[in-house]
Amino acid sequence: MELDYTSKDISELISGKLLRYFGREPGKASKQQLYKATCMVMRDILSVYWLKNHDLVHAHKKKQVYYLSMEFLPGTSLKNNIFNFQLEETFEDALLNFGQKIGDLYALDPDAGLGNGGLGRLASCYLDAIAATGMAGHGMSICYEYGIFKQKIVNGIQIEEPDDWLDMGDVWLLEKEDETERVHFGGKLLETWEDCKIRISHVDYTTVLAVPYDFHVSGFGSEVVNSLRLYKSSSPVSIDMNLFAQGKYLKSMEQKHLAEIISKVLYPEDAHAEGKTLRMSQQYFFISAGMQSITRRHMLQFGTLDNFHEKVAVHINDTHPTMAIPELMRIFVDDYRYEWDQAWEIVKKTISYTNHTIMPEALEKWPENLFKDLLPRIHSIIVEIDRRLNIILLEAFPDAQDLRNQMAIVHDGQLHMANLCVATAHTVNGVSALHSQIIKEDLFNGYYRLMPNKFTNVTNGIAYRRWLCQANPKLSHMIEDLCGPGFKYQALELEKLLSFKDDKQTLAKLERIKKENKERLASYIKASNDIIVDPNSIFDVQVKRLHEYKRQLLNLMHIMHLYLQIRENPNMMISPRTFIFGAKAAAGYYMAKQIISLAYHLSVQIDKDPIVRDQIKIVFLENYSVSLSEIIMPSADVSEQISLAGKEASGTGNMKLMINGAITLGTMDGANVEIFDAVGENNIFIFGLRAFEVENLEKQGGYDPRFYIENSPAIRGIIEFMKQGINGILFTDIINTLTAANSGSAGHYYILADFEAYRLAQSDISNAWLDRERWNRMSLVNIAKAGIFSADRSVRDYADRIWGIKPLKG
C-alpha cells in the first residue's frame, strides 16, 4: 500500500485542524493541541479507507465477522496507525516543521481504558490482524468512561483510581448518533393471540439509549480499515421536570444517572446483587445494541434475514457476550416474525464461541431470579432453549441425570452461560492444543460426546508487529538487515534468522540490542520506583494479571530462597537477578492483593540489606498496561510462565516475550507446550507437574503440603522466614494457604509440589546465563520460531475453519 501524502501535505492538514478546532497556529499551539490535531489528521486518513468498504449502502458484499468482547485493550493508537500506513517519516518530518518531535506526541497518547488483561489484548490483536489480512471484521463492546482502574501501590497496598482515558483518547472516537439503538430493561411479558399463534410482547420496560462510537482499526500494509464499535449508555429522558418543579432535584435526574452508570466502569464488583445486576445490564446493553445494528444493516442491504448466516458471523469471546444468542432469537422471532425453528437454525449457523478458561469463576452463572426481573424476554427465550435442549439430552443420556444437570442451561436456580454457548454455537474452540483437549475431555465432555464435530482448536496469536517492529525497532532493523523486510508481512519469515544462529557477530549484536533495551527499562524503573537496577543482571520478568493460578507466589518463594542463601553465605557466586513484576489485582480479590503486598515488602527488605541488595532486586511496576509492556517485553531475559499445568488456557505474554528474545521458564501449560515444540528442549526451561499428573492428584484428593515441608529444607526455611515477618509485616493468610492441607490457593495450585523443580530450573538458568554465546543463541532461536504465534495466522485459522470470511479483494 502506497499513500501519496508528503510531509508538506501532513503539515498543512495539521495546521488546518489547529485553526479549525483550537483557533491556534502551530507555533502557538500547546503540545496537547498539536497531539489532538495530529490524531485528527490520522483519523481522517483512516476514515477514507473505512468508507471504501463499510459505508451503509455497500455493507455486507462479502461476509463479515463481528467479534463480541466485554473488553478490548488496543493500547496507544497514534504510533500504531502511523506505522500501519508506513507514514512514520512523513509525520516525523511534518512535525519537525513545527519544531516538534513526534516521540513527544506519542508519549501523550493514552492507553484506551477498555480492558483488563489478556482477554482484551487478544481481542485487539485479532482486530488488528483481521484488517492486516484484508478481511472485514469488527469488534463490539462498551465505551467505558473509566474502564479498568489506574493502579497505585502505596506502602504495599493496591489503590484503585479512576482512569480517565477519554480526556485525551476521545479524539479517536467517531460518534454515530444517527445509529443509536434502544435497549429495554425490566418490565413484564404479555401473551396475545395473533394469526392463530401465541405472541409474546415485552411491555412496561425502561429504555436505555445505546449511542455508538466507532474506533477505527488499521492493519499493517492493508487498505482495509475496520472498526471497533463502542456503545455509550444514555437516557432518553435527561430530566423529569415534574419532579424538579417539586424540589426533588436529585430524584429528577435519577433515570439519567441510572442509565449512564452502565458504561462507567469495566467489571464492577459483583459480590452483591447490585453488582451482578449491573454486570448483566452491561452485557445485555452492548449485545442488544450490536445485534439490532447488525440485523438492521443486513436488512438494508438484502431485504431479508434468510441469508443472515451467509453474510454475518458473530463470534462470542468468552462467556460475557453470550446474550447475543437469545437476543438474536428475540429479534428474529419478535421483530421479524420468524418461526422458532427457522430462526434457531439461522442463529446456530451464525454463532461461534471461544472458551478462554476452565476456571469456574470465569464460566459465568447468573441467579435466575435477578436475570428474570432484569431481562424477562431474554429469560423466557433461554428457558425455551433449555427446554428443547433437555429433550435432546434425555434421549442421548437417559441414565445420566448428573451429566444432564451439568450440561443444562437452566439448573439449580442459575443460568449457565457457557452451556448456552456450547449448545448453540456451530463451532467451539479452545486457545491452545492442551486447552482444547481439556475442554473436550473434561469441561464440556458431555457436549463433546454429543456433538464432537463442533470442537476445534485455534492457538492464540499476537499482533507481532507492535511487539517487535514498534516496541523493539533496533531488533526489527537488525532482522531486516539480515533477512529482508518479508517478516513484516509474513511472520514465518522470521525463521530465516536461524541461518545466523552460529554467527558470533550477529549474536553479539543481539546482546547489545538487549542491553540497550534493558538500560531504557532501568531508566524507567529509576524514575517510577526510585530503584537502581543493573542492566547487566538477569531481567527475570513476570507480567500478567494477578491471580493465584498464575503463581506469582511461587516466584516470590524462590526469591526468598535466594535471599536466605545469600544471607547465609555472603560470598556465594550467583548471577545477579532483577525480578520484575507487573500485575493488577481485581478490586475485591483479597489474596491477590496480599501477594502484591508481599512482593512490595520483600522488595523493601532486600533493598535495605547491604549483603543482598547488589545481588537481587525486586521491582513491582504499578499500573501495568499495553504501553508499559512495550518497554518491558524488549528488555526481558527470562519469561516467567509458571501457572499450574492445565490452568492457563494459552497465554499471549509468553509469545510477546518470546519474539523479543526472552527465554521461557514455564510449566507444560497452555501455549508453553507449543513454544516447547517450536524451539526444542534446549531453548526453553520446563519444570513441574504435567497436566495429567495434576489431574491424578486431584482424583486422589489433592496433596498434603506437610510432605513437601518435611522433605525440603529450602521450603522449611522459607516458611520460617515468613513467620518472622517480611519488612515487619506478617502474611499469616499466605502462610496458612501454603501449610494447611488443600487450603486455599497454595494447596489448590500445588505451589509446594512444584517448588523444588522450579528452584532447579532457576539454577539451570543461572548456569546457562554464564555462557553468553549459548544464551544469545537460545534467544535468537526463540525469535526465529515465534512467527507461528502471529495473530495473522490465528485469524486465518478462524476465517477458514470457523467464520467463513475471505479477503475483501481477490
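This one's a predicted model, so the numbers in the text were calculated from it and none came from an experiment.

A. Looking closely at the overall build of the protein chain. Regarding its fold elements, the protein chain presents 36 helices and 23 strands. Whereas a compact globule of 810 residues would reach a radius of gyration of roughly 28 Å, the protein chain reaches 27 Å, a difference of no more than 12%. A buried classification covers 60% of the 810 residues belonging to the protein chain. The contacts in the protein chain between residues at least 6 apart in sequence include a share of 77% that link residues at least 24 apart. On the protein chain, roughly 31,700 Å² of surface is accessible, and the fraction owed to carbon and sulfur atoms is 50%. Charged side chains of the protein chain number 88 positive and 102 negative; the gap between the two group centres comes to 2 Å.

B. The packing of aromatic side chains, seen in detail. A full pass over the atoms with the stated rule returns 18 aromatic pairs. Judged by centre distance (5.8 Å) and plane angle (85°), the rings of Phe 185 and Tyr 284 are edge-to-face. Linking Phe 185 in strand E6 (residues 181-185) with Tyr 284 in helix H11 (residues 273-302), this pair joins segments that are 99 residues apart in sequence. Of the residues examined, Phe 185 reaches a relative accessible area of 8% and is grouped as buried. On the accessibility criterion, Tyr 284 (4% relative accessible area) is buried. Aromatic pair Tyr 448 and Phe 455: ring centres 5.7 Å apart, planes at 80°, arrangement edge-to-face. Overall, Tyr 448 belongs to the partly exposed group, its relative accessible area being 30%.

C. Examining unusual backbone geometry more closely. Even without being glycine, Asp 204 reaches a positive phi, approximately 60°. Tracing the backbone through its elements, the reader meets Asp 204 in the loop between strand E8 (197-203) and strand E9 (206-217). Positive phi values are uncommon outside glycine, yet Tyr 750 reaches one of about 55°. Position of Tyr 750 among the secondary structure elements: in the loop between helix H33 (744-748) and helix H34 (751-770). Residue class for Tyr 750 comes out buried when judged on its relative accessible area of 1%.

D. Seen up close, the pairing of strand E3 (residues 150-154). Burial along E3 is one-sided: Gln 151 and Ile 153 are buried, while Lys 150, Lys 152 and Val 154, pointing the other way, are not. In terms of strand pairing, E3 meets strand E4 (residues 157-161) through 5 bridges, oriented antiparallel. Paired with Gln 151 across the two strands is Glu 160, which belongs to E4. A loop of 2 residues connects E3 with E4, the two strands running antiparallel in sequence, and Asn 155 in this loop sits at a positive phi of about 55°.

E. Examining the sheet that holds strand E22 (residues 663-666) more closely. Pairing is parallel across the open sheet formed by 6 strands, whose spatial order is E20-E19-E18-E21-E22-E23. The sheet is open, and its two edges are formed by strand E20 (616-620) and strand E23 (685-686), each paired on a single side. Here strand E19 (residues 577-582) pairs with E20 via 5 bridges, running parallel. Bridge pairing in E20 places Phe 579 opposite Ile 618. Packed on one face of the sheet, helix H23 (residues 504-529) meets strand E18 (538-543), E19 and E20 and runs near 70° to E20. The sheet strands contacting helix H35 (residues 772-784) are strand E21 (638-641), E22 and E23, and the helix crosses E22 at an angle near 90°.

Thresholds, definitions, all that
Residues numbered from 1 in each chain as written. Predicted model: local features only at pLDDT ≥ 70, side-chain atom pairs only at ≥ 80, totals over all residues. Heavy atoms only, no water. Helix = DSSP H or I, 4+ residues; strand = E, 2+ residues; numbered from the N terminus. Rg over C-alpha atoms; globule rule 2.2 N^0.38 Å. Buried < 20%, exposed > 50% of the residue type's maximum accessible area, 1.4 Å probe, protein only. Contact = heavy atoms within 4.5 Å. Areas by Shrake-Rupley, 256 points an atom, 1.4 Å probe, with all protein chains shown as cover. Lys, Arg positive; Asp, Glu negative; His and termini not counted. Charge placed at Lys NZ, Arg CZ, Asp CG, Glu CD. Phe/Tyr/Trp six-rings, centres within 6.5 Å; stacked < 30°, edge-to-face > 60°. Pairing = 2+ DSSP bridges. Axes fitted to C-alpha atoms, helices over the stretch in contact; angles between N-to-C directions.

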